[in-house]
Protein chains: 4
Amino acid sequence: MSYNTFGHMFRVTTWGESHGPAIGCVIDGCPPRIALSEADIQPFLDRRRPGQSAFTTQRQEPDQVRILSGVFEGQTTGTPISLVIENTDQRSRDYGDIAQTYRPGHADLVYDLKYGIRDYRGGGRSSARETACRVAAGAVARKVLGEGVSVRGALVQLGPKDIDRTRWDWAEVERNPFFAPDAGVVEEWAAYLAAIRKAGSSIGAVIEVVAEGVPAGLGAPIYGKLDADIAAAFMSINAVKGVEIGDGFASASLTGPENADALFMRDGALEFGSNHAGGVLGGISSGQPVVARFAVKPTSSMLTPVPSITKDGAETQVITKGRHDPCVGIRAVPVGEAMMACVLADHLLRHRAQVGG
Amino acid sequence: MSYNTFGHMFRVTTWGESHGPAIGCVIDGCPPRIALSEADIQPFLDRRRPGQSAFTTQRQEPDQVRILSGVFEGQTTGTPISLVIENTDQRSRDYGDIAQTYRPGHADLVYDLKYGIRDYRGGGRSSARETACRVAAGAVARKVLGEGVSVRGALVQLGPKDIDRTRWDWAEVERNPFFAPDAGVVEEWAAYLAAIRKAGSSIGAVIEVVAEGVPAGLGAPIYGKLDADIAAAFMSINAVKGVEIGDGFASASLTGPENADALFMRDGALEFGSNHAGGVLGGISSGQPVVARFAVKPTSSMLTPVPSITKDGAETQVITKGRHDPCVGIRAVPVGEAMMACVLADHLLRHRAQVGG
Amino acid sequence: MSYNTFGHMFRVTTWGESHGPAIGCVIDGCPPRIALSEADIQPFLDRRRPGQSAFTTQRQEPDQVRILSGVFEGQTTGTPISLVIENTDQRSRDYGDIAQTYRPGHADLVYDLKYGIRDYRGGGRSSARETACRVAAGAVARKVLGEGVSVRGALVQLGPKDIDRTRWDWAEVERNPFFAPDAGVVEEWAAYLAAIRKAGSSIGAVIEVVAEGVPAGLGAPIYGKLDADIAAAFMSINAVKGVEIGDGFASASLTGPENADALFMRDGALEFGSNHAGGVLGGISSGQPVVARFAVKPTSSMLTPVPSITKDGAETQVITKGRHDPCVGIRAVPVGEAMMACVLADHLLRHRAQVGG
Amino acid sequence: MSYNTFGHMFRVTTWGESHGPAIGCVIDGCPPRIALSEADIQPFLDRRRPGQSAFTTQRQEPDQVRILSGVFEGQTTGTPISLVIENTDQRSRDYGDIAQTYRPGHADLVYDLKYGIRDYRGGGRSSARETACRVAAGAVARKVLGEGVSVRGALVQLGPKDIDRTRWDWAEVERNPFFAPDAGVVEEWAAYLAAIRKAGSSIGAVIEVVAEGVPAGLGAPIYGKLDADIAAAFMSINAVKGVEIGDGFASASLTGPENADALFMRDGALEFGSNHAGGVLGGISSGQPVVARFAVKPTSSMLTPVPSITKDGAETQVITKGRHDPCVGIRAVPVGEAMMACVLADHLLRHRAQVGG
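Each value, and the rule that gives it
- Residues numbered from 1 in each chain as written.
- Chains lettered and ligands numbered in written order.
- Predicted model: local features only at pLDDT ≥ 70, side-chain atom pairs only at ≥ 80, totals over all residues.
- Heavy atoms only, no water.
- UniProt positions renumbered as here; feature names shortened; annotations may be inferred.
- Helix = DSSP H or I, 4+ residues; strand = E, 2+ residues; numbered from the N terminus.
- Buried < 20%, exposed > 50% of the residue type's maximum accessible area, 1.4 Å probe, protein only.
- Least-squares fit on C-alpha atoms with pLDDT ≥ 70 in both.
- Contact = heavy atoms within 4.5 Å.
- Pairing = 2+ DSSP bridges.
- Axes fitted to C-alpha atoms, helices over the stretch in contact; angles between N-to-C directions.
- Expected span 1.5 Å × (residues − 1).
- Arc of directions from axis to C-beta.
- Phe/Tyr/Trp six-rings, centres within 6.5 Å; stacked < 30°, edge-to-face > 60°.
- Lys NZ or Arg CZ within 6 Å of the ring centre and 35° of its normal.
- Buried area = accessible area lost by both parts, 1.4 Å probe.
- Salt bridge = Lys/Arg side-chain N within 4 Å of Asp/Glu carboxyl O.
- Polar contact = N/O pair within 3.5 Å; in protein donor to acceptor, adjacent residues only side chain to side chain.
- Nonpolar A, V, L, I, M, F, W, Y, C, P; charged D, E, K, R; others polar.

- Per an unreviewed UniProt entry, chain A carries the name Chorismate synthase and comes from Acetobacter ghanensis.
- As recorded by UniProt, the Sequence similarities (unreviewed entry) comment attached to chain A reads in full: "Belongs to the chorismate synthase family."
- Taken verbatim from the UniProt record of chain A, the Subunit (unreviewed entry) comment is "Homotetramer."

Structure below.
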């Protein structure tokens with residue numbers, strides 16, 4: 001990962017600002033002769049798209065993706081795939097406040113400290129709008145992985161509220177506006193988040209992403225470990241502050257015997273007794289489901305005032321008006337899936353390079 | 001990070017197996033005219049070195065580092081710095097068991113699944129012995145960062161046992177065998193870990209690394225974020241299962257107002273009211289201390305038997321004899337510091353490339 | 001250089017096919033606060049643009065560049081710069097022949113051998129149209145280098161016909177359709193090339209690129225040598241078969257004393273007695289003008305029939321109708337300049353990373 | 001290629017100075033389960049080794065290579081292969097002259113200009129001694145390529161003296177001290193080079209490297225073209241000033257019909273009528289032999305005095321005493337072969353990543 005590109009053999013470069021004419025990405029290294037059209041990508045963008053429930057920003061973006069290169073007669077050609085999404089709802093307004101005042105917790109301040117300049121309109125490059133490009137790339141990565149690999153995400157914690165894992169139902173994820181896998185929490189979460197929004201506040205969340213069907217052997221020790229790349233990929237998503245694989249931080253409290261994933265033979269094939277490891281051993285996939293989570297902080301774009309300073313160094317109070325998600329973690333679910341898919345596709349190709357097959 | 005190299009402008013490539021003739025690393029991109037000798041590196045290796053307390057493996061390795069290139073008359077020359085550490089205590093013994101049987105939780109199995117071959121002696125490439133090279137590279141990175149930047153780590157959780165943060169004392173870290181910053185836990189931890197060891201078990205831990213004096217502006221959005229690189233660097237350490245920045249997973253439970261780091265002016269300079277962000281905003285350092293943590297699982301090398309299989313697919317029970325750390329998290333403290341130092345040095349150079357200064 | 005990206009700190013990724021909707025590039029790592037607009041780029045594209053003389057293809061492409069990101073209020077922001085050029089003159093026609101038959105010397109055959117698929121329309125990805133993106137990137141690179149560095153190219157050989165170097169005049173380069181620096185050859189070259197075209201043939205050329213004002217110290221031994229990167233950059237241009245620095249192949253015939261560039265002091269400053277080395281010593285710029293050349297083969301797109309085969313393995317004869325340059329080397333002049341500018345800008349940033357300002 | 005590493009999937013990092021304790025390299029990404037021992041590498045080092053004829057430097061270095069990692073029980077394991085060669089003949093002497101005075105044409109000056117420091121002993125990092133590591137890596141690359149691919153080099157021009165290509169005999173290359181493929185030139189070259197040496201002078205050369213058995217499809221457009229990588233690899237060799245593929249610079253003087261490599265079918269298989277392209281079309285191997293050449297300048301280490309300056313800016317005259325090759329191009333033959341082998345191995349793995357086996 002470097003600047004605006006990630007991946008080694010399946011490489012994704014994204015570009016664009018929230019309120020520029022468009023955003024987009026270039027995917028390089030995609031294998032040839034994979035069936036691909038906009039229709040393969042659009043559903044994933046639609047899933048991430050804002051304005052679909054009361055719990056996400058009301059900005060209306062159709063997020064229509066166009067393929068500008070790399071596909072010929074419905075198939076990838078092995079050349080770079082350029083995807084573009086126009087920005088259509090750059091609401092014209094006065095950016096005077098945001099231009100002159102730093103929002104605590106935002107990247108505003110550090111972009112100025114680093115570059116001495118920033119495109120302040122809608123957060124510019126640091127806007128979560130950039131994640132649409134990740135989702136588009138993730139859709140292509142899924143095609144590379146093939147139908148045998150599934151990558152699914154869910155919201156497993158909204159603020160302090162957990163799901164009940166015994167009720168986990170992947171089908172439920174698509175039925176509620178939280179991507180929650182537990183139907184039992186939906187009503188409570190809706191009330192809770194409505195109150196957060198009404199209070200002009202915001203709240204964090206935890207997302208879990210599970211990849212099933214991942215072949216054993218993906219991952220490149222020592223510094224290209226599969227879980228290290230997943231960690232970086234997740235941590236690069238806006239507002240993410242923590243990442244874990246398998247039992248993650250909970251494993252710190254476990255003893256060796258509690259944490260051990262025993263090995264058995266079942267009908268001539270390897271079988272694991274448990275999956276504390278989250279499908280990754282020594283940085284390499286074991287054939288078990290790859291399970292990873294990431295924590296999203298509450299957005300600092302909120303109506304609650306916070307002490308801040310202006311560009312000129314005067315103290316002030318900041319509230320962020322506009323159309324913001326009270327829990328940015330919700331829309332991070334498809335983004336997390338996409339990053340997982342991209343990392344896996346990249347490692348599939350990297351593994352093939354060194355070991356073949 | 002790719003295979004056995006990490007970093008972009010300050011690049012570290014490590015090599016070597018636990019029971020081969022030597023391990024080592026090549027550091028490329030180090031700025032010229034930095035005073036450097038073995039004496040700058042050795043103290044950090046000594047800190048990580050096994051056999052120094054009852055709570056780490058009794059393997060005796062002097063871990064004497066030699067500089068083979070890149071330094072002339074006591075100064076770096078800008079050419080690659082080759083560091084080598086001989087393996088001296090490769091205890092000769094029968095590796096029959098370990099060669100034929102997979103240790104649950106170890107990389108044994110997946111190396112075979114990936115490569116179809118593995119150097120089983122002492123864990124081969126996947127041995128924590130590799131981390132000595134990271135520590136050596138970290139010592140060089142500290143020289144690049146200069147005296148204005150300090151990078152310090154501490155064990156903040158041993159198994160289920162936390163420290164009391166109100167008693168945090170960096171000086172204490174060097175006084176106890178746990179790198180614990182809280183003198184109040186040492187006695188209890190000693191008894192607890194002795195019991196774990198006696199039971200032939202093992203336990204996990206959480207390490208916190210704090211970098212102070214880091215200039216604002218380090219980090220390269222979007223896919224070279226400082227925290228994304230820290231996450232990957234920590235996750236690449238053996239047995240690490242989780243990484244967090246600032247409040248990390250706890251921030252998922254916070255509201256926006258609780259999580260906000262207010263901005264003030266003090267004597268004409270920017271001042272933050274708190275550091276929930278852990279010194280990183282939008283992937284870029286803010287000038288506050290960079291605070292990150294990682295969770296280490298309990299080692300699966302233990303005397304407690306676990307169901308496993310042989311290379312030939314027969315079921316068996318495995319216990320791992322030998323000289324193992326009951327808590328590998330302890331010796332991960334200097335390793336975590338080293339990784340943080342390397343990431344910061346790399347970003348210092350990357351920042352200078354794009355923005356100057 | 002990897003797939004469709006080149007450069008390390010000033011990174012250029014290009015995408016697009018000759019007859020797709022558009023071509024473009026993403027420039028990543030550009031320093032912030034550089035004044036930049038389409039007007040800085042367009043003149044270089046206009047110079048490369050086809051259809052401007054009788055000696056280049058009559059395809060009419062306005063090659064209007066649009067900046068889609070990375071520039072705010074007239075200045076670069078440090079975020080990726082996305083440039084797009086629409087394809088407007090994809091003449092609709094029957095591609096039946098070209099789709100089924102391999103043109104000897106073209107990339108048609110090997111794209112099929114490698115990928116099992118190719119976009120045959122107008123050469124697809126392998127079309128020289130891609131070089132428009134290089135020229136656009138080169139214009140940005142020039143801004144990074146600043147006004148103190150000039151990068152200029154000229155055609156020094158057209159087929160077997162050399163220029164007279166004693167008449168070298170940079171101003172002349174802009175006055176004739178060959179980018180020839182010697183007014184004395186223009187008439188003869190015009191007649192010669194008209195005859196080549198009339199015969200349905202084509203011819204090769206040699207281009208020289210000179211960069212003046214390059215600071216000493218750029219270049220990264222051993223595998224990031226300035227001249228190695230120039231060689232790769234030139235060799236990546238369509239139809240290039242040879243690259244040389246300074247005296248190049250002629251230096252093989254020289255003795256040491258003939259080839260030596262003596263060093264003197266003039267008014268307290270270093271001065272060289274000659275520049276056989278072409279401004280690069282040991283892979284590092286010396287402060288002298290960087291002088292490099294590349295050889296372009298005759299295009300195989302010509303009306304002269306050549307034995308070939310069809311996709312189905314039948315023997316046939318191929319002639320390439322359409323709008324082709326009789327000497328593709330002419331329009332390679334601005335492309336060569338652009339590649340030199342990009343390599344220098346990249347090394348300027350890389351040098352700054354390691355050694356500072 | 002970046003700093004001291006080259007290759008993407010078959011990555012080689014070299015380190016070490018001419019008069020340090022050792023030189024070496026780390027090869028990362030090598031496929032597993034390839035039979036490898038020192039005996040596979042040593043013969044290639046012996047071929048490059050100095051002191052073997054009157055026409056190369058009399059420095060005596062046994063150049064014994066040791067494998068320190070990455071090989072287990074005679075097979076590669078997929079982990080990094082560390083190779084080390086000790087420096088044994090660092091003749092102790094007074095380096096006063098060379099430390100204070102710049103040798104025109106050497107890298108001395110620019111290392112000081114770039115880094116402000118240099119290891120002047122024997123040329124330090126810029127010494128051709130570094131090429132021993134390339135040769136060692138090349139031996140491993142050959143194993144990756146397998147027995148079906150041969151990579152052979154020859155000296156085709158010594159100063160102004162060409163070989164007669166009609167007498168080309170690969171077997172002859174191993175029989176004379178010039179690696180000349182034409183027995184008819186050996187006597188004349190011997191007399192010529194003896195005279196050059198006696199005069200305290202030096203001379204350039206041209207080396208041709210031919211790879212046969214290269215599968216079609218290797219090479220990654222647009223910026224990872226096979227010939228672009230070969231060009232960079234050759235240009236990175238000490239003293240190289242020019243590189244060409246196939247007909248190279250001669251193709252600039254050819255017409256399209258003269259340069260065309262016609263395609264035919266012979267017994268159901270593709271056959272080319274000629275190989276002007278040198279086995280590479282559009283940056284991708286065609287299945288024909290890959291043919292490339294590079295020009296080596298005369299070494300500036302010679303007894304003939306040249307005007308120069310001291311580190312302190314005083315004018316002086318320099319002659320380089322010591323044990324130098326009168327034609328460094330001779331020993332560049334095995335180095336060129338090694339670079340070709342490494343580039344091909346890298347592209348073999350890269351191709352496999354994207355397109356499969």
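1. Some thoughts on unusual backbone geometry
(1) Moving on: In this model, Pro221 of chain B is joined to Ile222 of chain B through a cis peptide bond whose omega is 5 degrees.
(2) Moving on: Looking at the element boundaries, Ile222 of chain B is found in the loop between β10 (205-212) and α7 (226-235).
(3) Moving on: A positive phi angle is found at Ala239 of chain C, which is not glycine, with a value near 75 degrees.
(4) Moving on: Mapped onto the fold, Ala239 of chain C is located in the loop between α7 (226-235) and β11 (240-245).
(5) Moving on: Notably, Phe179 of chain D is not glycine yet its phi reads approximately 55 degrees, a positive angle.
(6) Moving on: Inspection of the secondary structure puts Phe179 of chain D in the loop between α5 (170-173) and α6 (186-198).
(7) Moving on: On the accessibility criterion, Phe179 of chain D (9% relative accessible area) is buried.

2. Comments concerning the relation of the copies chain C and chain D
(1) Moving on: Note on the identical chains: chain C maps onto chain D by a rotation of 180 degrees and an axial translation of 0.0 Å, with an RMSD of 0.0 Å. Taken together, the rotation and translation describe the operation of a two-fold axis.
(2) Moving on: Looking at the interface residues of chain C, 100% of them are also at the interface in chain D, so both copies use one shared face.

3. Some thoughts on the sheet that holds strand β16 (residues 290-296) of chain A
(1) Moving on: Pairing in this open sheet of 10 strands is antiparallel, and the strands run β9(A)-β8(A)-β10(A)-β16(A)-β11(A)-β11(B)-β16(B)-β10(B)-β8(B)-β9(B) from one edge to the other. Edge positions in the open sheet fall to β9 (161-162) of chain A together with β9 (161-162) of chain B, since each of these has one partner strand only.
(2) Moving on: Where strand β11 (residues 240-245) of chain A meets β16 of chain A, 5 bridges bridge the pair, whose relative direction is antiparallel. Paired with Val243 of chain A across the bridge in β16 of chain A is Phe294 of chain A.
(3) Moving on: The sheet strands contacting α7 of chain B are β11 of chain A together with β10, β11 (240-245) and β16 (290-296) of chain B, and the helix crosses β11 of chain B at an angle near 155 degrees.

4. Some details on helix α6 (residues 186-198) of chain C
Residue and element names in this part refer to chain C.
(1) Moving on: With 13 residues, α6 extends 18 Å from end C-alpha to end C-alpha; this agrees with the ideal 18 Å at 1.5 Å per step.
(2) Moving on: Of all the positions in α6, only Val186, Trp189, Leu193 and Ile196 are classed as buried. End-on view of α6: buried residues confined to an arc of 85 degrees, all on one side of the axis. Facing away from the buried side of α6, by more than 90 degrees, are the exposed residues Glu187, Ala191 and Lys198.
(3) Moving on: The secondary structure elements touched by the buried residues of α6 are β8 (150-158), β9 (161-162), α5 (170-173) and α9 (328-355).

5. Topic: the packing of aromatic side chains
(1) Moving on: Going through the model one piece at a time under the given rule, you end up with 26 aromatic pairs over all chains.
(2) Moving on: Both rings, one in Phe6 of chain A and one in Tyr223 of chain B, keep their centres 4.5 Å apart while their planes meet at 50 degrees; by these two values the pair is tilted. Of this pair, Phe6 of chain A sits in strand β1 (residues 5-6) while Tyr223 of chain B sits in the loop between β10 and α7, each in a different chain. The same class applies to Phe6 of chain A and to Tyr223 of chain B, which are both buried.
(3) Moving on: Positioned above the aromatic ring of Tyr192 of chain A is the side chain of Lys161 of chain A, whose terminal nitrogen or guanidinium carbon lies 5.0 Å from the ring centre.

6. Focus on the interface of chain C and chain D
(1) Moving on: Listed per partner, the contact involves 103 residues of chain C and 104 residues of chain D.
(2) Moving on: At the boundary of chain C with chain D, total buried surface from both sides reaches about 7900 Å², with 65% on carbon and sulfur atoms.
(3) Moving on: One salt bridge in this structure joins Arg266 of chain D and Glu315 of chain C, with 3.8 Å as the shortest N-O distance.
(4) Moving on: Applying the counting criterion to the chain C and chain D interface returns 42 residue pairs in polar contact (both at pLDDT 80 or more).
(5) Moving on: Of the residues assigned to the side of chain C that touches chain D, the class counts are 55 nonpolar, 34 polar and 14 charged.
(6) Moving on: Relative to strand β11 (residues 240-245) of chain D, β11 of chain C runs antiparallel, the two being bridged by 3 bridges. Note that in β11 of chain D the partner of Gly242 of chain C across the bridge is Glu244 of chain D.

7. Quick word on the UniProt feature "binding site: FMN" (unreviewed entry) in chain A
Residues and elements named next belong to chain A.
(1) Moving on: UniProt records the feature "binding site: FMN" (unreviewed entry) at Arg125, Ser126, Ser127, Asn238, Ala239, Gly282, Lys297, Pro298, Thr299, Ser300, Ser301 and Arg323, using the numbering of this structure.
(2) Moving on: When you line up the elements, Asn238 lands in the loop between α7 (226-235) and β11.
(3) Moving on: A polar side-chain atom of Asn238 sits 2.8 Å from the main-chain carbonyl oxygen of Ser126.
(4) Moving on: With respect to the helices and strands, Ser300 occurs in the loop between β16 and β17 (306-309).

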